[in-house]
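One letter stands for each residue in the lines below.
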Amino acid sequence: MALSRHAHRKDEHLSLAEKFYTAHATSQFDQLRFIHQSLPEMAVADVRLATHLGPLTLPSPLMIEAMTGGSPRTGKVNAALGRIAAQTGMAVASGSQSIALKDAQAIPTFTVLRENNPDGIVFANIGAGHTAQDAQHVVQMLAANALEVHVNVAQELVMPEGDRDFHWLDAIGETVALLDVPVIVKEVGFGMARETLHQLANVGVHYVDLGGRGGTNFIDIENFRRPEKELSYLNGWGQSTVESLLEARAVPQLQTIATGGVRHPLDVIKALALGANVVGTAGQVLHSLLKTDEATTTHRLQAWQTELRTIMTLLGAPDLATLRQRPLLYSPELLAYAQQRQLPLT
């Protein structure tokens, strides 16, 4: 059966995400340093990784972030992600289910996520331009524990066939009011500013996925799909993941997920120390899955969780509350950013 235009685009995005994957990220985690202390006075067994996102208790602060779905190929990826999440105990987010609202044949490429992870924490995902009723439908589709509503203005504007109308706030507020699961507003890789966070809080949002610059770059991906590839000058657009975490400190009533360019467990620990409740990775998981196999990817994520305990022991932090009290050193670039934006560093 021939793929629909939307399903073909899903396959194209998957291939381009891997094509543009780089081991080096521009999320700015390398511009943060912890101060080593020689006497942690604790054991690795003392570490408690559990975290909370509103009413949800997550056994690990590390989650598998939204990637894909909508075609037979991406459905197989989602099935594998569901199994990996079940084996690791990590929360997992679906890719955008918007295509499943238009094409019923796409629905099984998303429901495999829940079928292969029947008891885990699964986040549904929909674009910000949809109604609250559409949002409720995609949550029901996955029996989801939460919903991600993604905002992707930069991607849409560079996408040749993308949207050009972005009146989204009212619909987001209506979705928050209607749903009985947490609604997480998610950037797709360009970060969030204090002003955006205040706008979201004002319509009732309590949870955000900051989606900072540094990981998968949808301007790169969509510009590659343009015949002239003329918008490459926008490649550095947006706030990094670390800058977005600093922005979020100015709006403390919001709980945050940090994503974008998380390349290893030390990045995860730094994001948690800056206040994130949960830290997500997509590119690392997808790259491993495509280049190795499901078993290897599962083992790597299990190793990450072990290494989180190692680093927290090194810092003398048995839990996330204690971790956030550990001192961090900021690069001159980050200090200048915080100063110009008048952001608190503690």
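Worth saying up front: this structure is predicted, and the values here are computed from it rather than measured.

1. A closer look at the pairing of strand E6 (residues 122–127)
- Taking burial as the measure, the 6 residues of E6 include 6 buried ones, the bulk of the element.
- Sheet topology note: the E6/strand E7 (residues 146–151) ladder contains 5 bridges and is parallel. Considered in E7, the bridge of Gly-127 is made with His-150.
- This β-α-β element, E6 to helix H5 (residues 132–142) to E7, shows right-handed connectivity.

2. With respect to the nonpolar core
- Membership of the largest hydrophobic core comes to 80 residues, with the highest contact counts inside it found for Ile-64, Leu-147, Ile-172, Ile-269 and Leu-323.
- For Leu-147, the contacting residues outside a window of four places in its chain are Ala-124, Asn-125, Ile-126, Ala-135, Val-138, Val-139, Thr-175, Leu-179, Val-181, Pro-182, Val-183 and Ile-184.

3. Thoughts on helix H4 (residues 108–115)
- Judged by how many residues are buried, H4 sits mostly within the fold: 6 of 8 residues are covered.
- Buried within H4 are the following residues: Thr-109, Phe-110, Thr-111, Val-112, Leu-113 and Arg-114.
- Of the surrounding elements, those touching the buried residues of H4 are helix H2 (72–88), strand E5 (92–93), helix H3 (98–102), E6 and H5.

4. A word on unusual backbone geometry
- Positive phi outside glycine occurs at Ala-143, with the angle close to 45°.
- Here Ala-143 lies in the loop between H5 and E7.
- You will see that Lys-229, though not glycine, has its phi angle at about 50°, which is positive.
- Position of Lys-229 among the secondary structure elements: in the loop between helix H9 (218–224) and helix H10 (241–248).

Thresholds, definitions, all that
- Residues numbered from 1 in each chain as written.
- Predicted model: local features only at pLDDT ≥ 70, side-chain atom pairs only at ≥ 80, totals over all residues.
- Heavy atoms only, no water.
- Buried < 20%, exposed > 50% of the residue type's maximum accessible area, 1.4 Å probe, protein only.
- Helix = DSSP H or I, 4+ residues; strand = E, 2+ residues; numbered from the N terminus.
- Pairing = 2+ DSSP bridges.
- Right-handed = clockwise from strand over helix to strand, strands pointing away.
- Core = buried A, V, L, I, M, F, W, Y, C linked by side-chain atoms within 4.5 Å.
- Contact = heavy atoms within 4.5 Å.

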